Amino acid sequence: MNDRASVFLVADVDDDGALRPLSAEMATAGRAVAEATGSDLVGIVLSADGRAAETLAALDGLDRVLAATDEAFLPWTATTWASAVRAILTEREPAAVLFPGSISGRDYAPRVAVRFNAPMVADVSAVVPTDDRCEFAVRRPVYGGRVETTITFASGMPPFLTVRPGAFQRAAAAESPVPVEIISIMPDALDTRVQVLEVTEHRPSGPSLTEARRIVSGGRGLQGADAFAMLHELADLIGAAVGASGAVVGQGWQSHDIQVGSTGHSVSPELYLAVGISGAPQHLVGMQGSEYVVAINRDPAAPIFDIASFGIVGDLFEVVPALIAEFEAGDAAGKGI
Amino acid sequence: MSEASIGLKMAVLVKHIPDPNGISVDPEARGPVFSGTMAVNTYDTYAVAEAIELKERYGGDVTILTVGPASAREAILRGLATGADRGIHLQAEADLLERLDSLALARLIADRLRTESFDLILAGQQSEDLETGQVGPQVAALLDLPHVSLVTSLEADMDARTLRIRRDSEGRKQVIGVALPAMLLMLTGRDGEQRHPTLKGMIQAKRKPVDVVEVDASTLGEPVMAWSDPVAPTREREAIIVEGKPAAKAAKALADWLREKHLV
């Protein structure tokens, strides 16, 4: 059955066993790599049940889907998933393997790459044609996404890639679903040395960060947890979710679940209002997909202004209250009061 | 097995990087411009602080390992000044290191760590310059150790030789159990604290042993991938920048702009 090499795509599945939207973006990226290498595109789904595999098989661009089900796959751990994907790929000949650029994918993919001595590229944002030295090249952001680099591979080295969220169009629904093959992994092939003992869910109030159309986000410039009250007030007025930079979370001012950046959420709202955020690389990488960035910062040289469409250079402790007053007045006028 | 539970033998991986706040983009050449200031990767400073905290609590020792040119010794000294015991410097010139992919780098590190039996290897979640987050998991895989990422705090059961780890992941908080030896990637410091070297610490650091090993370029093999020079993507629109004083005027200008763009 291995008549020709395949490009594999390991789907992004959440801890409840549902397929994440990033998987549909990966189908688009995977199709581009498959065309460039003259390969099939094969999906791999690890889950506790078969639902996510059915969802993936209904997407355009795939040739078939392999589904492995095991209770040990959820909640996800890097060691278990790496060992499972390793076992699946060992019997096959990958031309390239795509992993989700989610927190989980970025964690287990490098472990799998070790087994195959594969060149590994994180956060791929584009698949680009190249000269005849190699079949395709990829782009990825570096230094916080302010610049990007193009990467080519030595011949005969199937690359392992993680796909950056929000960088590719989501694949549409296929005319008819492709076949799903149920595969099994020998239990002793699974590395279960890391055990999840407890899970607590912490949902922030207001619109969920990754789905919000508007985000008001605070950084080190807020000087403490207290000033976040002001951001919440502004966010409520304009129907926004509240986010925070890594610096703020590192200081313990806000919890990690509202963190935007490379170790938190990747967001791409219509409006990202950055308050007291200088724009450190690890923050920019998580929000540069926003349609409009507005920055309020005291330092005119802050990197956040490089990607802002509208910037206010000034004291946020004066500007934010003025904005709140402005929107309160606007609301009152709108209601004819 | 015969080894008594005499604390934790720990190694911490640190990276000396261009100061993330000192990078700008040249508007003409569209390439990055570095201030020349170097810094220890922030996440790695959390790993160093955690290792020293664990040493104070459970006993043991802390080794700081870095790969880099002679100037990267600074990253080791900073760790030694805050309480680590010794350093390992895998020394190579920057142009040699630039050819290495994450796996080649991980192999260099793993080959050196393999010569001793560490109970615990710590590193930052990722570096702030290239942000691949790959080297840590790859070192763990090469040493066949389990790894846990996005760690916020942990405690050890020294009799059972196990760790109880708290981590943050995708909006959830988890408690993880794993047996030693293991590798951890730190997301935050304990209470967000970094340890800052004191003058006394800096003086003591210079007397602590640092094992300097020159990387043998002939063992590295052919590069498996090549990177172009980084360039800035072209910007689609020009920014409007206004002064924040008076604040009411700036707020009005922003509110008008947001309404005009139908963003509020």
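Just so we're clear, the structure is a prediction, and the values are computed from it rather than from any experiment.

### Quick look at the overall build of chain A
Part 1: For chain A, the count of helices and strands is eight helices and 16 strands.
Part 2: Its C-alpha atoms give chain A a radius of gyration of 22 Å, within 12% of the compact-globule value 20 Å for 337 residues.
Part 3: Considering only C-alpha atoms, chain A reaches an extent of 70 × 45 × 40 Å along its principal axes.
Part 4: Here chain A, with 337 residues, has 58% of them falling under the buried criterion.
Part 5: In chain A, 65% of the contacts between residues at least 6 apart in sequence involve partners at least 24 apart.

### Some words on the sheet that holds strand 13 (residues 241–244) of chain A
Part 1: If you trace the six strands from one edge of the open sheet to the other, you get 13(A)-12(A)-14(A)-15(A)-16(A)-15(B), paired in parallel fashion. Pairing within the sheet leaves two strands with one partner each, and these edge strands are strand 13 of chain A together with strand 15 (240–243) of chain B. Each neighbouring strand pair of the sheet contributes to a mean axis angle of 15 degrees, computed without reference to strand direction.
Part 2: Of the pairings in the sheet, the one linking strand 12 (residues 214–218) of chain A to strand 13 of chain A comprises four bridges and is parallel in character.

### Quick notes on the interface of chain B and chain A
Part 1: On the chain A side, the residues contacting the 74 residues of chain B number 70 residues.
Part 2: Across the side of chain B that touches chain A, the residue classes break down as 39 nonpolar, 20 polar and 15 charged.
Part 3: Examined bridge by bridge, strand 11 (residues 195–201) of chain A and strand 11 (residues 172–179) of chain B share six bridges and lie antiparallel to one another. Bridged to Gln195 of chain A within strand 11 of chain B is Gly177 of chain B.

### As for the pairing of strand 10 (residues 162–169) of chain B
Residue and element names in this part refer to chain B.
Part 1: Direction of pairing for strand 9 (residues 147–157) relative to strand 10: antiparallel, over a ladder of six bridges. Within the sheet, the bridge partner assigned to Glu155 lies in strand 10 and is Arg164.
Part 2: Pairing analysis gives eight bridges linking strand 10 to strand 11, with the strands arranged antiparallel. From the neighbouring strand, Arg164 faces strand 11, where its bridge partner is Gly177.

### Thoughts on the sheet that holds strand 11 of chain A
Part 1: One open sheet accounts for 10 strands, arranged 11(A)-11(B)-10(B)-9(B)-12(B)-8(B)-1(B)-6(B)-7(B)-13(B); its pairing is mixed. Each having just a single partner strand, strand 11 of chain A together with strand 13 (210–214) of chain B make up the two edges of the open sheet. Strand-to-strand twist across the sheet, computed as the mean angle between neighbouring axes with direction ignored, equals 25 degrees.
Part 2: Of the strand pairs in this sheet, strand 1 (residues 8–13) of chain B and strand 8 (residues 120–124) of chain B are connected by four bridges, and their pairing is parallel.

### Quick notes on helix 4 (residues 103–116) of chain A
All names here are of chain A.
Part 1: The largest bend along helix 4 measures about 25 degrees and falls at Ala109, with the proline Pro110 one to four residues further on.
Part 2: The buried count for helix 4 comes to 12 of 14 residues, which makes it a mostly enclosed element.
Part 3: Of the positions making up helix 4, those classed as buried are Ile103, Ser104, Gly105, Arg106, Asp107, Tyr108, Ala109, Pro110, Arg111, Val112, Ala113 and Val114.

### Some details on the packing of helix 4 of chain A against helix 5 (residues 135–142) of chain B
When two helices pack together, their arrangement is captured by the angle between the axes and the distance separating the axes.
Part 1: Contact geometry for helix 4 of chain A and helix 5 of chain B: axes closest at 8 Å, N-to-C directions at 45 degrees. As judged from the angle between their axes, helix 4 of chain A and helix 5 of chain B are oblique. Helix 5 of chain B is crossed by helix 4 of chain A, and the crossing has right-handed handedness. Between helix 4 of chain A and helix 5 of chain B, the residues in contact are Asp107, Pro110, Arg111 and Val114 of chain A and Pro137, Gln138, Ala141 and Leu142 of chain B, respectively.

### Considerations on the pairing of strand 1 (residues 6–10) of chain A
Residue and element names in this part refer to chain A.
Part 1: For strand 1, a buried count of five out of five residues is recorded, marking the element as mostly surrounded by other parts of the structure.
Part 2: Of the two faces of strand 1, the one lined by Ser6, Phe8 and Val10 and the one lined by Val7 and Leu9 are each fully buried.
Part 3: Bridge analysis of strand 1 against strand 4 (residues 94–100) gives four bridges, and the strand direction is parallel. Opposite Phe8, over in strand 4, you have Val97 as the bridge partner.
Part 4: Here strand 1 pairs with strand 2 (residues 40–47) via five bridges, running parallel. Bridge pairing in strand 2 places Val10 opposite Ile44.
Part 5: Once the chain exits strand 1 it traverses helix 1 (residues 22–37) before rejoining the sheet at strand 2, and the crossover so formed is right-handed.

Cut-offs and rules
Residues numbered from 1 in each chain as written. Chains lettered and ligands numbered in written order. Predicted model: local features only at pLDDT ≥ 70, side-chain atom pairs only at ≥ 80, totals over all residues. Helix = DSSP H or I, 4+ residues; strand = E, 2+ residues; numbered from the N terminus. Rg over C-alpha atoms; globule rule 2.2 N^0.38 Å. Buried ≥ 20, exposed ≤ 12 C-beta atoms within 10 Å, placed from the backbone. Contact = placed C-beta atoms within 7 Å. Pairing = 2+ DSSP bridges. Axes fitted to C-alpha atoms, helices over the stretch in contact; angles between N-to-C directions. Nonpolar A, V, L, I, M, F, W, Y, C, P; charged D, E, K, R; others polar. Bend = angle between axes of the 7 residues up to and from the residue. Parallel < 35°, antiparallel > 145°, perpendicular 65-115°, else oblique. Left-handed = near helix turned anticlockwise from the far one by under 90°. Right-handed = clockwise from strand over helix to strand, strands pointing away.

All we've got here are geometric facts, nothing functional implied.
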